[in-house]
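The chain contents come next:
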Amino acid sequence: MNPYYVEHTTDEKGISYYFVCRKEDFSIVVYPAKYLMHKTRIHRSPNTVRRIAFSISYYLTYLKEKMLTMQEVLELPYAEQFQHFTDFLIWIKEGRHTEERREGPDSYTCNTYLRDVFGLYQFWEMEENPEKKLQVLFDQEISYKDSIGVLRRRACKIFKGFLPEDEHIGRTAEEESIQILLEHCTNLRDKLLLLLFAETGFRIGEVLGIRYTDDIDYERHRIRVHYREQNENRARAKNAEERWALISTDTFEVLTLYLAQYKDLLKRDTYLFVNLTGKGSGKPLCVNTVYAMLRRLEGKTGIKITPHMLRHFFANERWKNGWDLVLIAQALGHKQIATTEKYLNIESDSLIEATNQYFQKNQHLLSVRQLL
């Protein structure tokens, strides 16, 4: 039996806090609790904090099996320390972190768990051991371009023992499938939800956090992502960011019809998307209700779709229509261009053709002939 479990509580403001606890006496493990509290205070999403809590609980279980403490791991020689963390990755990959002993997660997930553990170590080092650091983490400076194309540099820690990850391109929705789903929606709210996902590229938490009183520019047909920490439905914008998206005239018409049809329900609160029936009618819509609606549509049409697939649709449609990659990244709220690239289902031939066109247009910038 795993000796640790994850618990959480919600305060009067609706903020969730996660803890790793011992099963033997139900006590909270101190430093993970401090670290998770820190992550909550710097506005990491509840889902992210929850994942980190589970990552730490798995690692503490692993330490107990190996009869080690974090302090003892810090004291290990480099080679043993390196072996310790690579063995942890294998332990996770084999599914030994779960009592079911089922097949373990993919390499990306295993590496994510270890990154979370490294985050705990770095936090603990700053708090207790400023002179003692993990030997297996190396300082490296990386270069990247920000959203306006300015080259910047950032220091980061790297570990050379991560598992090789398969390149992953998420599934995208198809326009024909979206049209079929829209035809099978039974109310304007569900139609508007699908349209906003497809036309704005917003995340589900961003859409469910929209307030019709504050976040819609009715004159210019724009909708805003606005970070709020205490939404009643726990919806929130990622990275505490703010951005605007333009919607089409047709979608704006659906929006105004929806507001008119459900004005009596909507006036009970300021959220754009609310429950239409039942005891919770008029209350802000939550993530589980959206996925339940999508499952009902799948049952009617045989078409499986998720909000994230509609985000991919948004990115791919903009790419096909000539949007610059930086603009697509800004619209999606991505901090890294590399993340946006993974959204785009670009065939190799298309990449070669795009590169060829770039060289033809910009070959004078390369000044190769001067070197011949």
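Residues numbered from 1 in each chain as written. Predicted model: local features only at pLDDT ≥ 70, side-chain atom pairs only at ≥ 80, totals over all residues. Heavy atoms only, no water.

Peer 1: Honestly, the overall build of the protein in this entry has me stumped. Any pointers?
Peer 2: If you tally the helices and strands in the protein, you get 15 helices and 7 strands. When each of the 372 residues of the protein is scored for burial, the buried share is 45%. A separation threshold of at least 6 residues defines the contact pool for the protein, and within that pool the share at least 24 residues apart is 56%. (Helix = DSSP H or I, 4+ residues; strand = E, 2+ residues; numbered from the N terminus. Buried < 20%, exposed > 50% of the residue type's maximum accessible area, 1.4 Å probe, protein only. Contact = heavy atoms within 4.5 Å.)

Peer 1: Help me understand the sheet that holds strand S6 (residues 222–225) in this model?
Peer 2: What the 3 strands build is an open sheet, ordered S5-S6-S7; its pairing is antiparallel. With one partner strand each, in any of the chains shown, strand S5 (216–217) and strand S7 (243–246) form the two edges of the open sheet. (Pairing = 2+ DSSP bridges.)

Peer 1: Sorry, what's going on with helix H13 (residues 325–332) here?
Peer 2: Residues spaced three or four apart along an α-helix face the same direction, because each turn holds 3.6 residues. Residues Leu-325, Ile-328, Ala-329, Ala-331 and Leu-332 constitute the buried set of H13. The arc that holds the buried residues of H13, viewed along the axis, is 160 degrees, so those residues lie on one side. Of the residues flanking the start of H13, the one acting as N-cap is Asp-324, its side-chain oxygen 2.8 Å from the backbone nitrogen of Val-326. Count one or two residues on from H13 and you reach Gly-333, which has phi positive near 80 degrees. (Arc of directions from axis to C-beta. Polar contact = N/O pair within 3.5 Å; in protein donor to acceptor, adjacent residues only side chain to side chain.)

Peer 1: Where do I start with the environment of Ser-107 in this structure?
Peer 2: Mapped onto the fold, Ser-107 is located in helix H5 (residues 107–128). The contact partners of Ser-107, leaving out residues within four places of it in the chain, are Lys-93, Leu-163, Pro-164 and Glu-165.

Peer 1: I would appreciate a short explanation of the side chain of Thr-340 in the present structure.
Peer 2: You can see Thr-340 is positioned in helix H14 (residues 337–341). Among the residues examined, Thr-340 registers a relative accessible area of 0% and is labelled buried. Discounting residues that sit within four places of it in the chain, Thr-340 has contacts with Leu-325, Ile-328, Ala-329, Leu-332 and His-334.

Peer 1: Help me understand the packing of aromatic side chains, please; the structure alone is not making it clear to me.
Peer 2: For any two aromatic rings, the description comes down to two numbers: the centre-to-centre distance and the angle of the planes. With the rule as written, the count across this model stands at 25 aromatic pairs. Judged by centre distance (5.8 Å) and plane angle (85 degrees), the rings of Phe-85 and Tyr-121 are edge-to-face. One end of the pair, Phe-85, is in helix H4 (residues 78–93); the other, Tyr-121, is in helix H5, and 36 residues separate them in sequence. Residue Phe-85 is classed as buried on the basis of its relative accessible area of 0%. Accessibility expressed as a relative area gives 0% for Tyr-121, which makes it buried. Ring centres 6.5 Å apart and planes at 80 degrees place the aromatic pair Phe-85 and Phe-159 in the edge-to-face group. Linking Phe-85 in helix H4 with Phe-159 in the loop between strand S4 (151–158) and helix H6 (175–184), this pair joins segments that are 74 residues apart in sequence. (Phe/Tyr/Trp six-rings, centres within 6.5 Å; stacked < 30°, edge-to-face > 60°.)

Peer 1: How should I be thinking about the nonpolar core in this particular structure?
Peer 2: Generally speaking, nonpolar side chains in soluble globular proteins are found buried as a group. Counting 50 residues, the largest nonpolar core has Leu-193, Tyr-258, Leu-272 and Phe-273 as its most contacted members. Broken down by secondary-structure element, the contributors of at least two residues to this core are H6, helix H7 (188–200), helix H8 (204–208), S6, helix H9 (249–261), helix H10 (263–266), helix H11 (287–301) and helix H12 (307–320). (Core = buried A, V, L, I, M, F, W, Y, C linked by side-chain atoms within 4.5 Å.)

Peer 1: Just to check I follow, could you spell out the pattern of salt bridges for this structure?
Peer 2: Once the charged atoms of two side chains with opposite charge are near each other, the side chains can pair. Enumeration according to the criterion identifies 11 salt bridges in this entry. A salt bridge links Arg-189 to Asp-190, with the shortest nitrogen-to-oxygen separation between them at 2.9 Å. The exposure class of Asp-190 is buried, given its relative accessible area of 5%. Through salt bridges with shared partners, a single network forms among Glu-65, Glu-94 and Arg-96. (Salt bridge = Lys/Arg side-chain N within 4 Å of Asp/Glu carboxyl O.)

Peer 1: What exactly am I supposed to notice about a positive patch on the surface here?
Peer 2: Positive charge collects at one region of the surface, where Arg-171, Arg-295, Arg-296, Lys-300 and Lys-304 lie side by side. Mapped onto the elements, Lys-304 comes out in the loop between H11 and H12. (Patch = residues over 30% accessible without salt bridge, like charges linked within 9 Å, V, L, I, M, F, W, Y side chains within 5 Å. Areas by Shrake-Rupley, 256 points an atom, 1.4 Å probe, with all protein chains shown as cover. Lys, Arg positive; Asp, Glu negative; His and termini not counted. Charge placed at Lys NZ, Arg CZ, Asp CG, Glu CD.)

Peer 1: Hey, could you run me through the pairing of strand S1 (residues 4–10) in this one?
Peer 2: Looking along a regular strand, one sees the side chains alternate between the two faces of the sheet. Two strands pair when backbone bridges link them, and S1 and strand S2 (residues 16–22) are joined in this way by 7 bridges, in the antiparallel orientation. Bridge assignment links Val-6 to a residue of S2, and that residue is Val-20. Where S1 folds back on S2, the antiparallel hairpin that results is connected by 5 residues, among which Gly-14 adopts a positive phi of roughly 85 degrees.

Peer 1: Help me understand the packing of helix H1 (residues 30–41) against H5 in this model?
Peer 2: Geometrically, a packed helix pair is captured by the angle between its two axes and the distance between the axes. Between H1 and H5, whose axes approach to 10 Å, the crossing angle comes to 100 degrees. As summarised for this structure, H1 and H5 are arranged roughly perpendicular, according to the angle between their axes. Facing H1, whose interface residues are Tyr-31, Pro-32, Lys-34, Tyr-35 and His-38, H5 presents Asp-116, Gly-119, Leu-120, Phe-123, Trp-124, Glu-127 and Glu-128. Broken down by class, the residue content of the contact of H1 with H5 amounts to 6 nonpolar, 2 polar and 4 charged. (Axes fitted to C-alpha atoms, helices over the stretch in contact; angles between N-to-C directions. Parallel < 35°, antiparallel > 145°, perpendicular 65-115°, else oblique. Nonpolar A, V, L, I, M, F, W, Y, C, P; charged D, E, K, R; others polar.)

Take it as geometry only, folks, not as evidence of what the structure does.
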